[in-house]
Amino acid sequence: MDRREEQPGAAGAGAAPALDFTVENVEKDPGWPAPAQSCAVLQALHQLYYDPNIENKNLAQKWLMQAQVSPQAWHFSWQLLQPDKVPEIQYFGASALHIKISRYWSDIPTDQYESLKAQLFTQITRFASGSKIVLTRLCVALASLALSMMPDAWPCAVADMVRLFQAEDSPVDGQGRCLALLELLTVLPEEFQTSRLPQYRKGLVRASLAVECGAVFPLLEQLLQQPSSPSCVRQKVLKCFSSWVQLEVPLQDCEALIQAAFAALQDSELFDSSVEAIVNAISQPDAQRYVNTLLKLIPLVLGLQEQLRQAVQNGDMETSHGICRIAVALGENHSRALLDQVEHWQSFLALVNMIMFCTGIPGHYPVNETTSSLTLTFWYTLQDDILSFEAEKQAVYQQVYRPVYFQLVDVLLHKAQFPPDEEYGFWSSDEKEQFRIYRVDISDTLMYVYEMLGAELLSNLYDKLGRLLTSSEEPYSWQHTEALLYGFQSIAETIDVNYSDVVPGLIGLIPRISISNVQLADTVMFTIGALSEWLADHPVMINSVLPLVLHALGNPELSVSSVSTLKKICRECKYDLPPYAANIVAVSQDVLMKQIHKTSQCMWLMQALGFLLSALQVEEILKNLHSLISPYIQQLEKLAEEIPNPSNKLAIVHILGLLSNLFTTLDVSHHEDDHEGSELRKLPVPQGPNPVVVVLQQVFQLIQKVLSKWLNDAQVVEAVCAIFEKSVKTLLDDFAPMVPQLCEMLGRMYSTIPQASALDLTRQLVHIFAHEPAHFPPIEALFLLVTSVTLTLFQQGPRDHPDIVDSFMQLLAQALKRKPDLFLCERLDVKAVFQCAVLALKFPEAPTVKASCGFFTELLPRCGEVEPVGKVVQEDGRMLLIAVLEAIGGQASRSLMDCFADILFALNKHCFSLLSMWIKEALQPPGFPSARLSPEQKDTFSQQILRERVNKRRVKEMVKEFTLLCRGLHGTDYTADY
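Predicted model, so just to flag it, every value in this text is computed and none were measured.

### As for the domain arrangement of the chain
In many reports, interface size means the accessible area that the parts give up when they come together.
Phase 1 of the analysis: For the chain, the assigned domains read domain 1 (35-108) and domain 2 (110-251).
Phase 2 of the analysis: Placing a centre on the C-alpha atoms of domain 1 and another on those of domain 2 gives a separation of 25 Å.
Phase 3 of the analysis: For the domain 1 and domain 2 pair, buried surface summed over both sides reaches about 1700 Å², with 70% attributable to carbon and sulfur atoms.
Phase 4 of the analysis: Taken together, the links from domain 1 to domain 2 amount to zero salt bridges.
Phase 5 of the analysis: Joining domain 1 to domain 2, the criterion identifies five residue pairs in polar contact (both at pLDDT 80 or more).

What follows is the structure, given as structure tokens:
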């Protein structure tokens with residue numbers, strides 16, 4: 001440590017040793033001569049900055065990162081700060097000092113604190129007139145040292161800093177010293193916020209800094225109000241103040257500086273720094289306690305209105321943005337405290353109106369202005385605070401603020417309007433996307449405001465729209481109409497409008513809208529979609545809007561809005577759509593054949609048709625299905641004959657996707673919740689065989705033919721499995737006739753080329769049919785087959801197939817949950833299954849590990865009831881425990897610890913006597929599961945686990961604590977959010 005005070009020899013003294021860029025090089029004997037250390041680092045820095053080879057740069061960076069934390073850093077850091085070095089080199093030296101002080105404070109002997117402090121002061125003084133980036137880094141290093149010494153070893157740190165830099169005998173000019181001191185005072189609170197001090201020390205240091213602000217604020221006030229202070233000093237003062245207020249300094253202690261910052265807003269050079277300081281001061285969580293100070297701030301904020309108007313008039317977006325930030329910070333953070341001051345209601349209302357001006361600031365977001373979006377959260381906060389008052393006070397404020405919120409609706413709908421077409425055409429795609437998000441934010445705000453204004457809001461919107469569409473005096477803009485409809489849509493999407501008396505009128509107005517624009521047409525579609533539940537209760541009105549939707553289906557520009565709206569109508573109103581079914585199917589079939597829509601919209605359209613057909617008679621369903629899917633079946637037959645290539649693969653996957661999505665929603669029976677359990681019950685289908693099953697049986701041979709050629713293509717196999725998986729989920733017991741042949745097909749598929757999608761479908765079949773005696777034989781045969789094939793895959797090396805292992809573990813867990821009898825079969829090698837699952841616990845992929853843990857948490861509770869399971873746990877359970885302990889010891893991600901804790905809990909609950917023997921044996925070897933553990937810590941952990949057989953949450957906490965000990969992270973800042 002003493003070596004850090006050694007001064008290097010002349011720059012050219014001694015040749016630098018050849019440097020091998022390895023981490024080991026950093027760990028050489030500390031006796032390595034200081035000049036040689038410095039030269040080695042210089043060579044690495046040169047390589048980092050100037051070598052064009054990216055690999056050399058990365059190697060040098062890695063080496064330098066190790067060098068910064070090595071013991072030698074105490075030696076070379078000072079040498080790198082010498083005047084003959086370039087700023088990049090000096091910066092690295094200063095950074096290394098900061099890292100050593102902040103992370104390795106315990107390495108510094110207490111008798112060297114003062115020496116280190118003096119050296120840092122000397123360097124800061126020297127760099128006061130040098131490189132600013134190096135000065136800042138040295139200030140951060142001294143700030144870190146001060147925080148580590150406060151309050152005991154350096155009780156008046158800040159006062160000492162001020163005194164030392166005010167000394168007249170310094171070689172640096174007064175302005176340079178002043179700026180260096182302000183930089184140091186600025187980084188001190190910032191370093192505190194990010195420091196790794198233990199929690200108890202943080203409290204002590206925070207209290208010490210709160211006292212020390214008494215030495216800082218008078219200096220800042222003096223410098224800010226002094227007419228002779230240069231602009232650069234005053235700007236630094238504002239930044240320093242901004243930094244200190246984040247230590248939650250009492251707002252009343254900041255009054256003078258806040259007022260000075262308001263005055264500085266008139267200076268364009270100081271404007272940004274002043275805004276930041278004021279906003280930070282006002283936004284302190286503790287500030288609401290100082291109501292008198294907050295009330296004094298309102299006139300200061302209102303006094304900025306003329307400057308705001310001038311900025312808006314002159315197109316000065318930066319100034320209007322900054323003033324808006326200040327107004328919103330005061331209103332949003334303290335609306336409740338200010339509303340409580342009933343006698344000052346007029347001044348707070350004036351502030352609200354100022355924020356309203358900011359919300360409605362002229363221009364289109366985000367091209368002409370970026371300010372209005374800042375205000376939206378304020379309106380949420382104000383409404384919440386008003387509605388939280390007791391009834392009497394709430395009524396008073398409702399009377400005052402309901403007109404304000406009606407005005408807000410008008411302002412928001414104006415801001416949501418699209419610009420003129422010629423202007424919008426010049427917007428970039430990024431600007432259009434920002435505007436779209438802004439409109440979503442406005443939509444959310446309108447939906448929230450409904451709670452305050454209620455049904456009167458809908459009436460207000462309807463009256464405006466009615467006047468607009470029926471007025472013959474002046475032509476209306478499509479933008480105005482679109483915005484009003486958008487307001488309706490925003491509310492109807494989330495609020496129940498079924499009892500609104502204006503919706504019938506709105507439905508009647510929609511056909512009168514002259515749709516000459518894509519944006520307007522989109523909003524008309526989305527508004528109809530938002531009213532689909534209302535249409536289900538008022539089916540007589542369906543015919544007013546359905547033709548508009550079907551017409552829009554043919555326009556590719558309206559693809560998303562028209563298809564999603566049709567899907568909503570078919571889902572909500574399906575029992576009222578049979579009279580329109582033929583027309584809907586015909587139009588849909590036409591647009592599908594013309595390939596007007598993208599793939600995802602085609603899938604939605606098939607889902608819509610599935611909902612529609614579900615309400616028809618079986619004969620009608622089959623007739624419509626025949627006309628709808630026959631062209632695709634013919635196309636698929638043709639593709640099945642062709643030699644596989646990328647283009648026909650896309651066509652096959654598309655057709656299979658269409659069928660999947662159709663069968664996802666085509667359900668002729670109704671599911672009912674079985675409140676006695678988690679099962680789903682279905683009312684029987686009186687008309688005969690299920691139409692989906694009829695179609696699947698008809699195309700089954702064709703699907704097998706397609707598979708035979710594409711069995712090695714995961715995407716095609718996945719698409720085939722998706723058809724059956726979605727059908728099974730929808731049909732449940734109605735799928736029963738397909739079970740034997742599907743099990744047979746899955747078995748052949750998986751035997752030829754194992755794929756995860758086949759296992760997922762098998763899991764669905766196990767879930768729904770394994771408990772039924774009639775279907776158990778084919779399910780059992782399939783389960784045994786896929787298990788055997790997967791075990792063979794494990795023997796060959798499963799690391800290349802984490803998805804298969806994941807799905808296999810989920811299948812095993814499902815089998816244990818739904819039909820444990822599957823594990824009684826003599827042909828099932830339970831021991832091999834167990835060992836493979838233990839191996840899967842060591843995979844690097846988190847989902848696979850989670851699935852494996854899920855398998856064991858299902859398996860262990862069945863030790864007593866399933867004899868082969870009990871036997872394998874007795875024989876190989878110790879192996880499982882060791883794998884779990886290895887994972888907790890550091891081999892697995894910390895995010896997975898809860899999963900491993902579940903296994904320990906299950907072992908303890910169901911295999912207590914075995915676990916109590918195994919855990920002591922397993923933890924016996926030194927260094928297992930981590931070299932960082934003492935025998936006492938291991939013993940404590942095993943006792944804690946064995947004692948807790950009831951509270952799973954407590955076991956999870958124990959495991960988290962133990963894994964931190966194993967990783968050397970216990971008690972560090974790394975665990976703050978863990």
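On we go.
### Side note on the nonpolar core
Phase 1 of the analysis: In this structure, Trp244, Tyr401, Phe724, Phe735, Phe823 and Phe900 are the most contacted members of the largest nonpolar core, which totals 336 residues.
Phase 2 of the analysis: Take this core: its biggest share by element is twelve residues, from helix α7 (residues 132-149).
Phase 3 of the analysis: Counting contributing residues per domain, this core is built from domain 1 (35-108) and domain 2 (110-251), each supplying no fewer than three.
Phase 4 of the analysis: Contact partners of tyrosine 401, with chain neighbours within four places excluded, come to Leu339, Phe348, Leu349, Val352, Leu382 and Ile386.
Phase 5 of the analysis: The next biggest cluster of nonpolar side chains, apart from the first, holds 13 residues, and it includes Leu45, Ala67, Ile89 and Phe92.

### What about the confidence of the model for the chain?
Phase 1 of the analysis: Per-residue pLDDT for the chain averages 89, and the proportion of residues at 70 or more is 92%.
Phase 2 of the analysis: In this model residues 1-34 is a low-confidence stretch, pLDDT under 50, and it forms 58 contacts with partners more than four residues away in sequence or in other chains.

### Here's the deal with the pattern of salt bridges
Phase 1 of the analysis: One pass over the structure, following the stated rule, counts 34 salt bridges.
Phase 2 of the analysis: A salt bridge links lysine 117 to glutamate 114; the nearest nitrogen and oxygen atoms lie 3.1 Å apart. You can see lysine 117 and its partner glutamate 114 sitting in helix α6 (residues 113-127), three residues apart, about one turn around the helix.
Phase 3 of the analysis: Exposure remark for glutamate 114: the relative accessible area of 45% places this residue in the partly exposed category.
Phase 4 of the analysis: Linking glutamate 255 and lysine 296 is a salt bridge whose minimum nitrogen-to-oxygen distance equals 3.2 Å. Of this pair, glutamate 255 sits in helix α12 (residues 255-264) while lysine 296 sits in helix α14 (residues 291-302); the two residues are 41 residues apart in sequence, bridging distant segments of the chain.
Phase 5 of the analysis: Given a relative accessible area of 45%, lysine 296 falls into the partly exposed group.
Phase 6 of the analysis: Through salt bridges with shared partners, a single ionic network connects Arg336, Asp340 and Lys393.

### Topic: the packing of helix α41 (residues 867-891) against helix α42 (residues 897-910)
Phase 1 of the analysis: At a minimum axis distance of 10 Å, the contact between α41 and α42 shows a crossing angle of 150 degrees. As summarised for this structure, α41 and α42 are arranged roughly antiparallel, according to the angle between their axes. You can see that α41 and α42 cross each other, and the crossing is left-handed. Residue-level inspection shows Leu880, Leu881, Val884, Ala887 and Ile888 of α41 in contact with α42, the latter providing Met897, Phe900, Ile903, Leu904 and Leu907.
Phase 2 of the analysis: A breakdown of the residues in the contact of α41 with α42 according to their chemical character gives ten nonpolar, no polar and no charged.

### Points about the packing of aromatic side chains
Phase 1 of the analysis: Evaluation of the coordinates by the stated rule reveals 24 aromatic pairs.
Phase 2 of the analysis: Plain terms: the ring middles of tyrosine 424 and tryptophan 427 are 5.3 Å apart, the flat faces sit at 55 degrees to each other, and that makes the pair tilted. Both residues of the pair, tyrosine 424 and tryptophan 427, count as buried.
Phase 3 of the analysis: Taken together, the ring pairs in this structure connect Tyr365, Phe418, Tyr424, Trp427, Phe435, Tyr438 and Trp478 into an aromatic cluster.
Phase 4 of the analysis: Across the ring face of phenylalanine 843, the terminal group of arginine 799 is positioned such that the distance to the ring centre comes to 4.7 Å.

### Examining helix α31 (residues 618-641)
Phase 1 of the analysis: The end-to-end C-alpha distance of α31, which contains 24 residues, comes to 32 Å, matching closely the 34 Å that a straight helix rising 1.5 Å per residue would cover.
Phase 2 of the analysis: Largest kink in α31: about 45 degrees, centred on isoleucine 629, with the proline proline 631 one to four residues after it.
Phase 3 of the analysis: Within α31 the residues assigned to the buried category are Val618, Ile621, Asn624, Leu625, Leu628, Ile629, Ser630, Tyr632, Ile633, Leu636, Leu639 and Ala640.
Phase 4 of the analysis: Each element contacted by the buried residues of α31 is listed here: α29 (578-593), α30 (599-614), α32 (646-665) and α33 (691-710).

### Details of unusual backbone geometry
Phase 1 of the analysis: Residue proline 151 follows methionine 150 across a cis peptide bond; omega there is -10 degrees.
Phase 2 of the analysis: Relative to the assigned elements, proline 151 resides in the loop between α7 and α8 (157-166).
Phase 3 of the analysis: Looking along the chain, the bond that leaves tyrosine 365 and enters proline 366 is cis, with omega of 0 degrees.
Phase 4 of the analysis: Here proline 366 lies in the loop between α17 (345-359) and α18 (376-387).
Phase 5 of the analysis: Backbone geometry places glutamate 248, a non-glycine residue, at a positive phi of 60 degrees.

### What to know about the environment of lysine 432
Phase 1 of the analysis: Topologically, lysine 432 is positioned in helix α21 (residues 429-453).
Phase 2 of the analysis: Judged by its relative accessible area of 29%, lysine 432 falls in the partly exposed class.
Phase 3 of the analysis: Sequence-wise, lysine 432 and serine 115 are 317 residues apart; in three dimensions their C-alpha atoms are separated by 60 Å.
Phase 4 of the analysis: Excluding residues within four positions of it along the chain, lysine 432 makes contact with Tyr424 and Trp427.

The rules behind these values
Residues numbered from 1 in each chain as written. Predicted model: local features only at pLDDT ≥ 70, side-chain atom pairs only at ≥ 80, totals over all residues. Heavy atoms only, no water. Domains from an automatic or database assignment. Buried area = accessible area lost by both parts, 1.4 Å probe. Salt bridge = Lys/Arg side-chain N within 4 Å of Asp/Glu carboxyl O. Polar contact = N/O pair within 3.5 Å; in protein donor to acceptor, adjacent residues only side chain to side chain. Core = buried A, V, L, I, M, F, W, Y, C linked by side-chain atoms within 4.5 Å. Buried < 20%, exposed > 50% of the residue type's maximum accessible area, 1.4 Å probe, protein only. Helix = DSSP H or I, 4+ residues; strand = E, 2+ residues; numbered from the N terminus. Contact = heavy atoms within 4.5 Å. pLDDT = per-residue confidence, 0-100. Axes fitted to C-alpha atoms, helices over the stretch in contact; angles between N-to-C directions. Parallel < 35°, antiparallel > 145°, perpendicular 65-115°, else oblique. Left-handed = near helix turned anticlockwise from the far one by under 90°. Nonpolar A, V, L, I, M, F, W, Y, C, P; charged D, E, K, R; others polar. Phe/Tyr/Trp six-rings, centres within 6.5 Å; stacked < 30°, edge-to-face > 60°. Lys NZ or Arg CZ within 6 Å of the ring centre and 35° of its normal. Expected span 1.5 Å × (residues − 1). Bend = angle between axes of the 7 residues up to and from the residue.

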